[in-house]
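# Descriptive structure summary
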Amino acid sequence: MTAARIEDVPLLCGKGKFLDDLDPMRGSLVAAVVRSPHPHARIRSVELSRARAHPGVAVVLGPDDVLAALKPFPLSLKTPIRYYPTGTDKVRFVGEPVAVVVATDRYTAEDAAELVEVDYEPLPPVVDSTRAIAEDAPLLHEELGSNVATDRTFSFGPVDEIFAAAAHVVTGEYRFPRYTSAPMECYSVVAEWLEDADGPGVTAWANFHGPFSMVPVLAAGLGLPTSRVRLRVPADIGGSFGIKSGIYPYVALMALASKHCGRPVRWTEDRVEHLLSSSAGSDRWMRFEAAVDADGKVEALRADLVDNVGAYLRPPEPSTLYRCFGNITGAYGIGAVAIRARAVVTNKTPTGLNRGFGGQQLYFGLERIMDRVARELDLDPAEIRRRNLIQAGSFPYHTPSGGVYDSGDYPRAFELALRNADYEKLCERRRQAREVGEYFGIGMATIVDPSATNIGYVGLATPAEQRASGRGKSGSTEHVRISVDPQGVVSVLLGTVPQGQGHATVARQLVAQRLGLPQESVRPVVEMDTATTPWTITSGSYSSRFAPLLTSALVAAADTIAETIRAAAGVLLDTDPAGLELADGFVRERDAPDRRVAFRHAAGLVHWDPGSLPEGVPARLYEEAAFNPPQAKAPSTGDQINSSLCYGFVAELVAVRIDPVSLAVEVELVSTVHDAGTILNPKLLEGQVHGALAHALGGALYEELRYADSGQPTSATFMDYLCPTSAEASYPLISDHLETPSPFTTLGAKGCGEGSSMSLPVAIANAVTDALGVEVTTLPLHGNVVHELLERKA
C-alpha cells in the first residue's frame with residue numbers, strides 16, 4: 001500500500017522547523033554583509049572605523065581580517081585561483097562580499113554596513129564566456145594567465161574516421177541560460193567559534209542540503225581538521241535543488257565573525273542577496289556535430305562545451321561539465337564521441353549545483369542537434385529517434401565514454417509517450433493551424449536520467465598522468481542507522497536531509513514493510529549533525545540518490561535486525577527461527593500463523609533477557625549499514641568513467657501555441673513517460689515529475705539571471721527574475737511510467753527527481769522551432785525573443 005506523506009502536516013500548519021525560525025544558539029548576534037557594487041574592481045582600501053563605532057555594533061571584519069585568519073578554499077583541481085569568502089585583492093562580481101558587520105540586531109547591522117567605506121579602482125568586466133576566452137579579454141585572475149580555468153579534450157572511438165566517411169555532417173551552436181532554484185527560504189547560517197581542551201573548533205547550523213564533500217572544503221578554509229567542524233542541518237531547509245551546497249563560504253565568514261566577537265553569529269540572506277550572489281547552474285555555450293549515415297543513424301558525435309562558472313572556480317565546479325560524462329551520448333547508440341570541456345571565469349556570480357545538474361545543458365544541445373538531423377534528412381523527429389534509440393535487448397549498455405546503463409526499454413517508453421499524446425492527431429492539428437497562419441508546434445526529447453552520482457567524475461578535470469597514485473576519487477556510498485527500543489518502536493536515522501522529496505515517508509514505509517510492522521511503529525529522523533549522523537564524502541540529498549542508494553542501505557540494516565528478531569521469537573516460541581516471518585506487528589510461524597509473538601515482545605527479550613539468546617546471536621537491535629556499489633569506480637587511465645550508478649529514461653512530448661499578438665509561448669499539452677526502475681511510492685514519484693516540470697518550465701520560458709555587458713545584474717528581484725506560478729504551470733499533462741528494475745540496486749529503484757528538468761526545456765525549444773520554422777538556439781523564450789526569431793525569419 002502506498003504510504004501517505006508524513007512531512008506535509010507540519011509544513012501546511014506553519015510548524016516547519018526552518019533555521020530562521022529557530023534559536024539554536026542562545027545569545028546570537030546578527031550579521032549583515034557588505035557587498036561590491038562593481039563587477040570587477042581592485043580594492044584599494046577598506047575603512048571600517050565608522051562602522052565599528054556605531055552603537056550596537058560588536059565587530060566589523062574586512063578583507064585583511066579574512067586574509068589573516070582564513071585560508072583559500074581548496075579547489076577541485078590544481079589552479080592558481082584563490083577563493084575566499086570575501087574579495088581580498090579584487091572584487092570580481094556584483095554582490096561579492098567585502099566586509100561583514102555584526103551587531104545586536106539586523107537593523108543595526110544594516111545601518112552600520114552603510115558606514116563601511118571601500119575605495120575601488122574599477123576594472124573592465126567581461127560576462128560572456130566566448131568573449132572571456134579572447135586573447136584581449138580582461139583577466140579576472142592574473143596569476144592564471146587567462147580566463148580559462150580548465151581545458152580538457154577527450155576522444156573515444158574512431159571519431160575522425162567516422163566523420164570523414166559520413167553521408168551527412170550536421171552542426172549546431174547553442175547557448176543554455178543561467179537560472180537558479182529560487183527556494184522559499186534563502187541561505188541561513190548560525191555559527192559559533194569555540195575554544196576548548198581540544199583546541200579551536202566551529203559549530204554551525206545551516207540550511208545546507210549536502211553533499212558533504214563540501215564539509216572538508218569548509219574545514220580547510222577555516223584551517224581546522226574536519227573533526228573540529230560540526231555542521232548541523234534542521235529538518236526543513238526551505239528548498240534547495242542543489243544551490244544550497246554553495247552556502248559554505250558564508251559558514252566560514254560567520255564562524256570568523258564569531259571568533260572575533262566571542263558569541264554566536266547568525267545571518268539570513270534576503271531575496272535580493274540571493275538572486276544577486278548566491279549560486280546557480282552555469283550557463284553554457286556549446287557546439288555539437290553529428291556524423292550521420294544515409295539512413296539517419298548518428299554514428300559519431302563531437303561536443304565542444306564552454307561553461308561560464310562565474311568569478312571563481314568554486315567547488316564543486318567544474319563538475320557541471322562532467323556530471324553527465326558517462327551519458328554524454330544520451331539515449332542513443334552512438335559508438336564514438338569526442339569532447340572538449342572548458343570552464344571559463346567571468347564577472348558573474350560563481351556557479352554550482354542546480355536541479356538536473358549538467359543535464360539541462362547537455363540535452364539542450366544534444367536534443368536540438370537530433371531535431372536538426374531530422375530536418376536535414378527530411379525525417380520526422382520521432383522517426384530519427386526511433387532509428388537511434390538504444391534497444392531493449394542491449395542492457396547493460398556501455399557508452400563510449402564509460403557509462404554503464406543498467407536497464408531500460410527506451411523504444412517502448414517513447415512510443416507510449418507518443419501514443420498518450422495521440423501524436424498523429426497532433427500532427428494533423430499542426431497542419432490545419434499552418435493553413436490558417438497560426439503558430440503551433442510539436443517538440444520532443446528522449447533523455448537518459450542519471451542518478452546516484454559517482455563523485456569520481458570530478459577527477460576527469462585533471463589529466464590522468466597528473467592524478468596522484470592512491471589519491472583517486474570514486475563512490476556512491478550511503479549510510480543509515482536503525483535501532484529498536486524495548487517497546488518495539490523502530491528509529492531510522494537517515495544520511496540525507498531532504499528538500500521536500502518525502503524521504504521520511506519512504507523510509508518509514510520501507511522499514512515497516514521489511515520488519516512486518518504498522519508504519520506508526522517506525523520513526524524516521526532526518527536532522528543532520530556531522531558529529532553524530534553517519535555520513536561519507538558522498539552523502540547528501542543530491543543527484544536523486546535516495547531511491548537507489550539509501551533505500552539499499554535501509555534494506556541491509558532492516559534485514560539484519562529482522563534476523564535478530566526472528567532469533568528472539570524462536571526462543572519465545574521454542575521453534576526454529578528459519579520458519580518464522582514478520583507480519584502485522586508479529587513474528588509468526590510461516591506454516592502455522594496462529595503461533596506467534598508480538599514484535600515488541602521479541603525486541604523486549606533482546607533488551608531484557610539477552611542471556612536467553614542462542615549462541616552466536618548478538619544482543620543487538622541497533623544496526624548501521626552502508627551501500628557501496630562496486631560499479632562506482634574512479635576514472636580509468638583512458639578517462640572513461642561510469643559517472644552515475646543508475647540511468648533512468650524520460651520520453652517527453654510537448655505541444656505549444658504561440659499567441660499571435662503577445663507572442664507568448666503557451667504550453668497546450670505535455671506527455672511524459674518516466675522509467676525510474678522499481679517505483680517505491682507512486683504518489684511521491686508523480687510529485688517529483690510535477691516539480692521537475694515546473695522547474696523546467698521556468699528555465700524554458702521565464703527564468704534567467706541576466707547581466708548587462710557592463711557586468712551589472714539586471715534580474716535581482718522577482719520583478720525581473722520571473723518564476724512560473726500555478727497559473728503558468730497549469731497545462732494538460734499526461735504522465736505515465738514504466739518499470740525496468742535496475743540490477744545494481746537492492747530494490748531495483750533509480751532516481752526520479754530531476755528527469756523532466758533536463759528534458760522539458762529542450763522539448764519546448766524543439767516545439768517553438770517547429771512552430772516558427774526558425775532555429776531556437778537559446779532560452780528562455782520570452783515574447784521578445786520570439787519576436788526576434790520572427791524578424792530573423794522575415
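See the structure printed just above.
Reading guide: rules and limits
Residues numbered from 1 in each chain as written. Predicted model: local features only at pLDDT ≥ 70, side-chain atom pairs only at ≥ 80, totals over all residues. Heavy atoms only, no water. Buried < 20%, exposed > 50% of the residue type's maximum accessible area, 1.4 Å probe, protein only. Helix = DSSP H or I, 4+ residues; strand = E, 2+ residues; numbered from the N terminus. Pairing = 2+ DSSP bridges. Axes fitted to C-alpha atoms, helices over the stretch in contact; angles between N-to-C directions. Contact = heavy atoms within 4.5 Å. Parallel < 35°, antiparallel > 145°, perpendicular 65-115°, else oblique. Left-handed = near helix turned anticlockwise from the far one by under 90°. Nonpolar A, V, L, I, M, F, W, Y, C, P; charged D, E, K, R; others polar. Phe/Tyr/Trp six-rings, centres within 6.5 Å; stacked < 30°, edge-to-face > 60°. Lys NZ or Arg CZ within 6 Å of the ring centre and 35° of its normal. Disulfide = S-S within 2.5 Å. Salt bridge = Lys/Arg side-chain N within 4 Å of Asp/Glu carboxyl O. Arc of directions from axis to C-beta.

## As for the pairing of strand S15 (residues 336-345)
- Counting buried residues in S15 gives nine out of 10 residues, a clear majority hidden from the surface.
- Pairing of strand S7 (residues 148-156) with S15 involves eight bridges; the strand directions are antiparallel. The residue bridging Phe156 from the neighbouring strand is Val337, located in S15.
- Taken together, the 10 bridges between strand S14 (residues 298-310) and S15 define a ladder with parallel strand orientation. Looking at the pairing, Gly310 lines up with Val345 of S15.

## Some details on the sheet that holds S14
- Ordered by their spatial adjacency, five strands build an open sheet running S7-S15-S14-S13-S8, and the pairing between neighbours is mixed. Each end of this open sheet is capped by a strand with a single partner; those strands are S7 and strand S8 (168-176). With strand direction ignored, the average angle separating the axes of adjacent strands in the sheet is 5°.

## Examining the sheet that holds strand S26 (residues 622-627)
- On the basis of which strands lie adjacent, the open sheet formed by four strands has the order S21-S20-S19-S26 and mixed pairing. Two strands close off the open sheet at either side, each with one partner strand: strand S21 (522-525) and S26. The average angle at which neighbouring strand axes cross in this sheet is 20°, direction not considered.
- Looking at chain direction, strand S19 (residues 478-484) and S26 are connected through six bridges and run antiparallel. Bridging from a neighbouring strand, Ser483 pairs with Tyr622 of S26.
- Its contacts with the sheet put helix H14 (residues 503-515) on S19, strand S20 (490-493) and S21, and the angle it makes with S21 is roughly 145°.

## A short note on the packing of helix H17 (residues 682-702) against helix H18 (residues 755-772)
- Relative orientation of the contacting elements H17 and H18 amounts to 40°, with a least axis distance of 8 Å. As judged from the angle between their axes, H17 and H18 are oblique. Crossing handedness for the pair H17 and H18: right-handed. Contacts between H17 and H18 involve Val689, Ala692, Leu693, Ala696, Leu697, Ala700 and Leu701 from the first element and Ser756, Ser757, Leu760, Pro761 and Ile764 from the second.
- Its residues placed into classes, the contact of H17 with H18 shows 10 nonpolar, two polar and no charged.

## Some words on the packing of aromatic side chains
- Counted according to the given criterion, the structure contains 18 aromatic pairs.
- An angle of 45° between the planes, with centres 5.9 Å apart, marks the rings of Phe176 and Tyr179 as tilted.
- Judged by relative accessible area, which is 3%, Phe176 ranks as buried.
- For Tyr179, a relative accessible area of 3% translates into the label buried.
- Every member of this aromatic cluster is reached through a ring pair, and the members are Phe73, Tyr83, Tyr248 and Tyr312.
- Positioned over the ring face of Phe163 is Arg302, at 3.9 Å from the centre of the ring.

## Some thoughts on the state of the cysteines
- This structure, assessed with the given rule, holds zero disulfides.
- In this structure Cys646 is not part of a disulfide, and its nearest cysteine sulfur, from Cys752, lies 11 Å away.
- Relative accessible area serves as the criterion here: at 0%, Cys646 is assigned to the buried category.

## Section: the pattern of salt bridges
- Scanning all chains against the criterion turns up 48 salt bridges.
- In this structure, Asp136 and Arg131 form a salt bridge, with 3.2 Å as the shortest nitrogen-oxygen distance.
- A relative accessible area of 58% means that Asp136 is categorised as exposed.
- Judged by its relative accessible area of 37%, Arg131 is partly exposed.
- Salt-bridge contacts for Arg431 lead to Glu435; the nearest nitrogen and oxygen are separated by 2.4 Å. Taken together, the residues Arg431 and Glu435, both in helix H13 (residues 423-435) and four residues apart, mark about one turn of the helix.
- One network of salt bridges, with partners in common, ties together Arg35, Arg106, Glu110 and Glu273.

## Description of helix H11 (residues 381-388)
- Every buried residue of H11 is listed here: Ala382, Ile384, Arg385 and Asn388. Buried positions in H11, seen along its axis, are confined to an arc of 165° and lie on one side of it.

Keep in mind that these numbers describe shape and distance, not what the molecule does.
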